[in-house]
Amino acid sequence: MAERAEFGLALGGGFIHGLAHIGVLGVLEEQDLVPGWLAGTSAGAIAAAFAAFGVSVAETEAALQELTWGTMTRTRLRSRYGFATNEGLEDLLIRSLGDVRIEDSKIPLGIVATDINTGNRVLLERGPLAKAVRASSCVPGLYVPVEIDGRLLVDGALVENVPCRAVREMGAPLVVAVSLGFALPYQAVQSWRHVAQNAFDIAVNSQMRFEILAEADVLVDPDLDGLSKMSAKDRDAIIEAGRQRAEQALPALQELLKKEREGSAVARWMSAVKERLVGDRD
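Fair warning: this is a prediction, and the values are worked out from it, not measured in the lab.

Considerations on the overall build of the protein chain
On a plain count of helices and strands, the protein chain comes out with 11 helices and 10 strands. Counting over 282 residues, the protein chain shows a buried share of 55%. Expressed as a percentage of contacts within the protein chain between residues at least 6 apart in sequence, the contacts between residues at least 24 apart total 74%. With the model as given, the accessible surface of the protein chain reaches about 12,800 Å², and the carbon-plus-sulfur share is 49%.

As for the pairing of strand S8 (residues 151-155)
In terms of burial, S8 is a largely internal element, four of the five residues being buried. For strand S5 (residues 109-115) and S8, the ladder comprises three bridges, and the chain directions are antiparallel. What sits directly across from Asp 115, in S8, is Leu 153. Pairing of strand S7 (residues 146-148) with S8, which is carried by three bridges, proceeds in the antiparallel orientation. Bridge pairing in S8 places Val 146 opposite Leu 153.

What to know about helix H5 (residues 87-97)
Listing the buried residues of H5 in full gives Gly 88, Leu 89, Glu 90, Leu 92, Leu 93 and Leu 97. Buried residues belonging to H5 abut helix H2 (43-52), helix H3 (57-63), helix H4 (69-72), strand S3 (74-75) and helix H6 (129-136). Following H5 by one or two positions, Gly 98 adopts a phi angle in the positive range, close to 90°.

Re helix H10 (residues 235-257)
With 23 residues, H10 ought to run about 33 Å at 1.5 Å a step, and its terminal C-alpha atoms sit 31 Å apart, in line with that. The largest bend in H10 comes to about 40°, at Ala 249, with the proline Pro 251 one to four residues further on.

Considering the pattern of salt bridges
Pairs may arise between side chains of opposite charge once their charged atoms sit close together. Counted by the stated rule, this structure contains 14 salt bridges. Taking the shortest distance from any N to any O, the salt bridge between Arg 101 and Glu 103 comes out at 2.6 Å. A cluster of three or more residues bridged by salt bridges with shared partners is formed by Arg 121, Glu 160, Arg 165 and Glu 169.

Some details on the packing of aromatic side chains
The full count for this structure, using the stated rule, is one aromatic pair. When the ring of Phe 15 is compared with that of Trp 69, the centres are 5.6 Å apart and the planes differ by 35°; the resulting orientation is tilted. Note that Phe 15 is positioned in the loop between strand S1 (4-11) and helix H1 (20-30) and Trp 69 in helix H4, a separation of 54 residues in sequence. The class for Trp 69 is partly exposed, based on a relative accessible area of 24%.

Rules of the game
Starting from 1, residues in each chain are numbered consecutively following that chain's sequence as written. Per-residue local features of the predicted model are confined to residues with pLDDT of at least 70, and side-chain atom pairs are confined, for both listing and counting, to 80 or more; whole-chain, interface and lining totals are unaffected and use all residues. Side-chain calculation: all heavy atoms of the structure are included, whereas hydrogens and water are not. Starting at the N terminus, helices and strands are each numbered in turn, a helix being any DSSP run of H or I of at least four residues and a strand any DSSP run of E of at least two. Only protein chains enter the area calculation, which uses a 1.4 Å probe; residues under 20% of their type maximum are buried, those over 50% are exposed, and those in between are partly exposed. Contacts were defined at the residue level, with two residues in contact if any of their heavy atoms lie within 4.5 Å. Each accessible area is a Shrake-Rupley estimate made with a 1.4 Å probe; only the visible protein chains count as cover when residues are assessed. What makes two strands pair is DSSP finding at least two bridges between them. To estimate the expected span of a helix, count its residues, drop one, and scale the result by 1.5 Å. Bend at a given residue is defined as the angle between two axes, one fitted to the seven residues that end at that position and one fitted to the seven that begin there. Any carboxyl oxygen of Asp or Glu within 4 Å of a side-chain nitrogen of Lys or Arg constitutes a salt bridge here. Side-chain rings of Phe, Tyr and Trp, where Trp is taken by its six-membered ring, are said to pair if the distance between their centres is within 6.5 Å; with planes under 30 degrees apart they count as stacked, over 60 as edge-to-face, and otherwise as tilted.

As structure tokens, then:
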């Protein structure tokens with residue numbers, strides 16, 4: 001593995017849109033830019049887990065080919081807390097990475113989840129990796145919460161969908177954030193699934209829209225408009241969207257790492273991001 005760089009990478013959640021992280025990580029890999037710290041939430045936790053244990057982007061993409069809602073879900077009808085579990089995700093991670101612990105990763109790794117009893121953010125930096133990632137990806141109401149250290153944990157998107165604050169708390173002096181589609185228009189609801197998805201997205205977006213702009217030094221926001229968030233039918237296009245935006249952000253990151261901040265590509269890139277996400281507010 002190349003020498004770790006002085007930036008942390010915060011990978012956000014977004015269901016199937018999480019495949020865009022593969023494109024982003026591919027660009028960094030080609031440039032020998034290895035993040036010094038990694039944090040992930042939900043789909044971002046999956047990608048962060050592979051990267052933190054030194055798995056190549058090609059191997060990660062191959063391993064995630066089999067990950068779908070169907071392969072992730074295990075039906076459980078007797079629980080009071082959900083209709084099913086996402087134990088299939090845990091099984092896939094153990095097959096791909098082994099029964100490893102977070103603290104044994106090659107790159108310091110944090111996984112964000114939510115304590116459903118208290119509403120607190122939980123940053124997992126120790127313990128079984130596969131179980132932590134499953135907790136971070138546990139859609140509340142659908143999947144039964146994952147118990148870790150006496151806490152019932154669900155999807156980290158509820159509290160920090162793009163874990164900028166988490167990766168900075170871990171020690172990263174600079175933060176590159178990858179946010180997946182929170183500027184997209186909500187879909188017109190046609191079923192209870194759309195109602196549930198929009199409700200989840202609205203809650204997540206309201207708490208993170210401006211926080212990300214404030215916390216991130218470089219923001220990578222792949223253009224995912226029109227690409228399915230629930231089905232893998234747009235897999236290749238989603239990965240390519242991540243790659244394209246990462247390539248556009250690369251000069252900003254490289255300049256940032258050289259500490260040439262003023263009047264730089266960083267300022268221009270963040271200005272363009274703000275225009276896309278929130279428009280001209282003057």
